[in-house]
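Residue strings, one per chain:
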Amino acid sequence: MAPADSTSTAAASRWAWLPAFLAEEQVSWVFVAKTLLAMYITCWLAMLFQLEQPATAMITVAIVMHPQSGMVLAKSFYRALGTFAGSLFGLVLMSLFPQQRELFLLSLSLWVALCAGGATLYRNFAAYGFVLAGYTAAIVTLPAVSNPLNVFDSAVMRVSEVMLGIIVSGVVSDVILPERLRPLLRRSAREHFAHFIDFARGSTGGAIPRREMEKAHLRFVRAAVQLEDLRASVIFEDPEARARSSRMRLLNQRYMAASTSFQSAHHLINRLQRAGHGNVAAALIALYAPIGDALSPDPAQQQDPAVLAPRLKACEDVLPPLAARLRAALPADAWLEFDTGASLLRRFCSEMRDFTALEASLREGNLKGAVEIVHFRRGNDALGAAVSVLRTFLTMAVLSVFWLGSGWSYGSSAMLLATIFSGLFAASAYPMIAVTNTLGGYVAGMVGGYLVTFYGLPGGDGFAMLILGTLPFLLIGPYLTTRNHTLPGVGAGYTLGYVYILALKNPMVYDPTRFLNDAIAQVVGIAMTAVFFIFVPAVTGSLWQRRRQLVQLRHQVVLAANAPLPGLLSSFESVNRDIVQQVVTYTRPDTDESRSLLAWALSVHECGRAVIELRQDIARSGMPHSVVAPVQDAVHALGALYAQPGADRWREADRSVAHAIAITNAHLAQSPSTCQAALTHLYLLRSALRDDESAMAPYIEASPAAESPDAA
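This structure is a prediction, so every number in the text was calculated from the model and none was measured.

S.K.: What am I meant to see in the overall build of the protein here?
M.R.: Each helix and strand in the protein was counted, giving 27 helices and zero strands. Projecting the C-alpha coordinates of the protein onto the three principal axes gives extents of approximately 95 × 80 × 55 Å. Buried residues in the protein amount to 55% of all 712 residues. Separation between the mean location of the 56 positive side-chain charges and that of the 53 negative ones in the protein comes to 2 Å.

S.K.: Can you help me understand the pattern of salt bridges in this one?
M.R.: Oppositely charged side chains may form a pair once their charged atoms are brought near each other. Using the criterion set out here, one finds 28 salt bridges in the structure. For aspartate 198, the salt bridge identified is with arginine 201, shortest N-O distance 2.7 Å. Residue aspartate 198 and its partner arginine 201 are located together in helix H8 (residues 182-201), separated by three residues, close to a single helical turn. Glutamate 606 is the salt-bridge partner of arginine 271, the closest N and O atoms lying 2.6 Å from each other. Taken together, the residues span a long stretch of sequence, with arginine 271 in helix H10 (residues 239-274) and glutamate 606 in helix H23 (residues 592-621) at a distance of 335 residues. The pair formed by arginine 271 and glutamate 606 is uniform in burial state, with each residue classed as buried. What you see here is one network of salt bridges that share partners, running through Arg271, Arg274, Glu606, Asp691, Asp692 and Glu693.

S.K.: Quick question: what am I supposed to make of the environment of leucine 96 here?
M.R.: Mapping leucine 96 onto the fold places it in helix H4 (residues 69-96). Residue classification places leucine 96 among the exposed positions, given a relative accessible area of 54%. For leucine 96 and serine 409, which are 313 residues apart along the polypeptide, the C-alpha to C-alpha distance reads 23 Å.

S.K.: I tried to follow the packing of aromatic side chains on my own but got confused; where do I start?
M.R.: One pair of aromatic rings is described through two measures. These are the centre distance and the angle between the planes. Here the structure, examined in full by the defined rule, presents 24 aromatic pairs. For the ring pair tyrosine 450 and phenylalanine 454, a centre distance of 5.0 Å and an interplane angle of 50 degrees mean the geometry is tilted. Residue tyrosine 450 and its partner phenylalanine 454 are located together in helix H16 (residues 431-456), separated by four residues, close to a single helical turn. Since its relative accessible area comes to 31%, tyrosine 450 is described here as partly exposed. Taking relative accessible area as the criterion, phenylalanine 454 reaches 18% and is therefore assigned buried. With 6.1 Å between their ring centres and 5 degrees between their planes, tyrosine 494 and tyrosine 498 make a pair best called stacked. Here tyrosine 494 pairs with tyrosine 498, and both are found in helix H19 (residues 490-502), just four residues apart, close to one helical turn. Residue class for tyrosine 494 comes out buried when judged on its relative accessible area of 5%.

S.K.: Would you take a moment to explain a nonpolar patch on the surface for this structure?
M.R.: Side chains of Leu37, Ile41, Ile167, Val171, Val175, Ile176 and Leu177 sit close together on the surface and give an oily, nonpolar patch of about 600 Å² of accessible area. Counting residues per element, the ones that place at least two in the nonpolar patch are helix H2 (18-48) and helix H7 (151-175). Of the residues examined, leucine 37 reaches a relative accessible area of 36% and is grouped as partly exposed.

S.K.: What exactly am I supposed to notice about the confidence of the model for the protein here?
M.R.: Detail in the predicted coordinates should be disregarded across regions flagged by low pLDDT. Per-residue confidence for the protein gives a mean pLDDT of 84, with 93% of residues at or over 70. Within the protein, the element-level pLDDT minimum falls on helix H27 (residues 704-707), averaging 45, and the maximum on helix H12 (residues 305-328), averaging 92. Low pLDDT (under 50) marks residues 702-712, which in the prediction has 24 contacts with non-local residues, meaning those over four places away or in another chain.

S.K.: For this particular structure, what's the right way to read the environment of serine 409?
M.R.: Counting through the fold element by element, serine 409 comes out in the loop between helix H14 (382-406) and helix H15 (411-424). Accessibility expressed as a relative area gives 58% for serine 409, which makes it exposed. A C-alpha to C-alpha distance of 25 Å links serine 409 and valine 452, two positions 43 residues apart in sequence.

S.K.: Where do I start with unusual backbone geometry in this structure?
M.R.: With glycine set apart, most residues show a phi of negative sign, and most peptide bonds adopt trans. Phi angles above zero are rare outside glycine, and glutamine 50 is one such case at about 60 degrees. Mapped onto the secondary structure, glutamine 50 falls in the loop between H2 and helix H3 (54-64). With phi around 50 degrees, alanine 503 is a residue other than glycine that occupies positive phi space. In this structure, alanine 503 sits in the loop between H19 and helix H20 (512-535).

S.K.: Just to check I follow, could you spell out helix H26 (residues 672-689) for this structure?
M.R.: For an α-helix, 3.6 residues make a turn, and residues three or four places apart therefore share a direction. The terminal C-alpha atoms of H26 lie 25 Å apart, and with 18 residues this matches the ideal 26 Å at 1.5 Å per residue to within 8%. Burial within H26 is extensive, with 14 of its 18 residues counted as buried.

S.K.: Mind showing me how you'd approach the side chain of serine 259 here?
M.R.: For serine 259, the location among the structural elements is in helix H10. Of the polar contacts made by the side chain of serine 259, one reaches the side chain of arginine 577; its length is 2.8 Å.

S.K.: Teacher, can you tell me more about the packing of H3 against H19 here?
M.R.: In helix packing, the relevant descriptors are the interaxial angle and the interaxial distance, both defined with respect to the helix axes. Here H3 crosses H19 at 170 degrees, and the two axes come no closer than 9 Å. As judged from the angle between their axes, H3 and H19 are roughly antiparallel. Residues Ala55, Met58, Ile59, Ala62 and Ile63 of H3 form the contact with H19, whose participating residues are Thr495, Leu496, Val499 and Tyr500. For the contact of H3 with H19, the class distribution of residues is eight nonpolar, one polar and no charged.

S.K.: Would you mind showing me how to read the nonpolar core here?
M.R.: Soluble globular proteins tend to pack their nonpolar side chains together in the buried interior. Ranked by internal contacts, the top residues of the largest apolar core, which has 102 residues, are Leu287, Ile291, Phe338 and Met352. With twelve residues, the top contributor of residues to this core is H23. The residues contacting methionine 352, other than those within four sequence positions of it, are Phe196, Ile197, Ala258, Leu295 and Leu312.

S.K.: Got a minute to help me understand the side chain of threonine 680 in this structure?
M.R.: Within the secondary structure, threonine 680 is located in helix H26. Assessed through its relative accessible area of 6%, threonine 680 is described here as buried. Within polar-contact distance, the side chain of threonine 680 engages the backbone oxygen of alanine 677 at 2.7 Å. Each residue touching threonine 680, except ones within four places of it in the same chain, is listed here: Asp339, Thr340 and Ser343.

S.K.: Where do I start with the packing of helix H24 (residues 625-643) against helix H25 (residues 647-666) in this structure?
M.R.: Running from N to C, H24 and H25 cross one another at 160 degrees; their axes reach a closest spacing of 8 Å. What the angle tells us is that H24 and H25 run roughly antiparallel. Crossing angle aside, the handedness with which H24 passes H25 is left-handed. The segment H24 lies against H25, with Ser626, Val627, Pro630, Val631, Asp633, Ala634, Ala637, Leu638, Ala640 and Leu641 engaging Arg649, Trp650, Glu652, Ala653, Ser656, Val657, His659, Ala660, Ile663 and Thr664. For the contact of H24 with H25, the residue count by class is 13 nonpolar, four polar and three charged.

The rules behind these values
Residues numbered from 1 in each chain as written. Predicted model: local features only at pLDDT ≥ 70, side-chain atom pairs only at ≥ 80, totals over all residues. Heavy atoms only, no water. Helix = DSSP H or I, 4+ residues; strand = E, 2+ residues; numbered from the N terminus. Buried < 20%, exposed > 50% of the residue type's maximum accessible area, 1.4 Å probe, protein only. Lys, Arg positive; Asp, Glu negative; His and termini not counted. Charge placed at Lys NZ, Arg CZ, Asp CG, Glu CD. Salt bridge = Lys/Arg side-chain N within 4 Å of Asp/Glu carboxyl O. Phe/Tyr/Trp six-rings, centres within 6.5 Å; stacked < 30°, edge-to-face > 60°. Patch = residues over 30% accessible without salt bridge, like charges linked within 9 Å, V, L, I, M, F, W, Y side chains within 5 Å. Areas by Shrake-Rupley, 256 points an atom, 1.4 Å probe, with all protein chains shown as cover. pLDDT = per-residue confidence, 0-100. Contact = heavy atoms within 4.5 Å. Expected span 1.5 Å × (residues − 1). Polar contact = N/O pair within 3.5 Å; in protein donor to acceptor, adjacent residues only side chain to side chain. Axes fitted to C-alpha atoms, helices over the stretch in contact; angles between N-to-C directions. Parallel < 35°, antiparallel > 145°, perpendicular 65-115°, else oblique. Nonpolar A, V, L, I, M, F, W, Y, C, P; charged D, E, K, R; others polar. Core = buried A, V, L, I, M, F, W, Y, C linked by side-chain atoms within 4.5 Å. Left-handed = near helix turned anticlockwise from the far one by under 90°.

Right under this line is the structure:
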């Protein structure tokens, strides 16, 4: 029996990939079927309503369709906004320059360029709105250049066609075998919650190697950004998700705040152990133990926030007396170190209690009462967007000059395609690959369109025959779109090329000369886009952008030191993570660049958060002016160090923080309630400044002030 068993085992292992493949194919073909159904319904309605260009409505379907209904509705929302904005601008532009083609094309080129810059600046579905605002203005006005009186009718037609495609896409996606985003959001949120709880529970031993902390930080960053991206899309498909939106944002904010406090506490314990202050580190680990116990109920309840929240609330009452006993057992010269760590652990416990309580209320569906309004801010790259503006403007300007100089009757088609793809590829990290793949797919789509137009459709009659004639070639595009991870851009290019060149109308027009001229113009438009991506290279993911984003990341400490306090904490936490996520996406792991990025990210998180907490203590405590002035000097010196790191600025920041500690300590007996909190934040900042494993290591000088953690 053994040979037979081994044969069957080998056969089973040989076909082990088949279930996953079939499941993936099922998802792909459901998407293809829904896309084709939406496109043909749109085409039929466009012909029924006698719209000029049903192909525009079908292209809208091709662009907005997505396997998940929430994504379709999000893309559709921004596409509708972009369509209305572009149409309105087109009407205004044509009314301003009805007979001045040069000024008209110059203004249109500038508008399209600004929209491409907006598509680069906003990396979520809002980018679609900017792309649409650009090329809708072009499709509204370019056909009416020779007769400006037609521009209003053109705008009405384009808006009608695009809105028809949007409505049909949304209905088909939402009604027929919908793939909801909400379960994905719920599953992702629970996975990230469970990971964070497990990591915090498993870290009660104290020191965490810096390498492990860096890995954890990256996971925390990705989780925060992913949850915000999903939340921003889910609100379009689910009324309950819209009602939960503010709480979901607040939950993400509490998650980010708790992870920062967690990291700061463990960095401090690590530094104390390396500095030979094992007694203080051991006391802080003992103080951390009740938090670990609170996070460790029965195994079946360890991921239940409704169980964890009251346990953490009870832990908050346990920590102060335990901290007092542990502090009393330490020598007086170690009290400041211990107080700093104890303050961080109490803050962490409080934030974890808030985090788990809000997670519990969301799982229970308790949406009563108002919640704090917070926003997830993005770390946008304005200079990178400016480069996209320049590139797109040059593309459109050169095509405009060529059109005006040559009198090419199909120049408008070339400009329109350049408008579309300049915006679509503006934010791509590898635009030449995307343009090349899309151009290949586009040409293949046009070949399929030629065969269908002149060999498949002429012998048919009626809409049913139109479907039979166009379907075999049309389904190729949506299917290739599902393989975008291996053939990026090919599917979208094929679909756009096929539908655009097919130009379905009622009645159909069979004109080989027009077909070939239009095809040449469209290829020229895409090729010109590729040419200018060569002369003005892409910014996204480039070394130049990553270096500037690192500067932007450090600048968050400058903002923490100087920006107005209202809303600063949520902005600081979210912008930091968004910038890190952008940079790490295009950074090879385990390189000097990657290690430098993570070192700065951890330093910025720790110091920036401490600076904000310190400023909040100053603002609400009524601290004596004789203490406030040196503390503010220390805050500004830290901001200057992160704005332009260097040994001199490190020395000035270290001196200013040490001086602020000395002054605050001198007034501690007079104003213990107002000075104690500030003192712990100042000590944390000094400890972070002198961390020889952090981003500050190159600037630390071997001076007595730097060598002695207790020196004031």
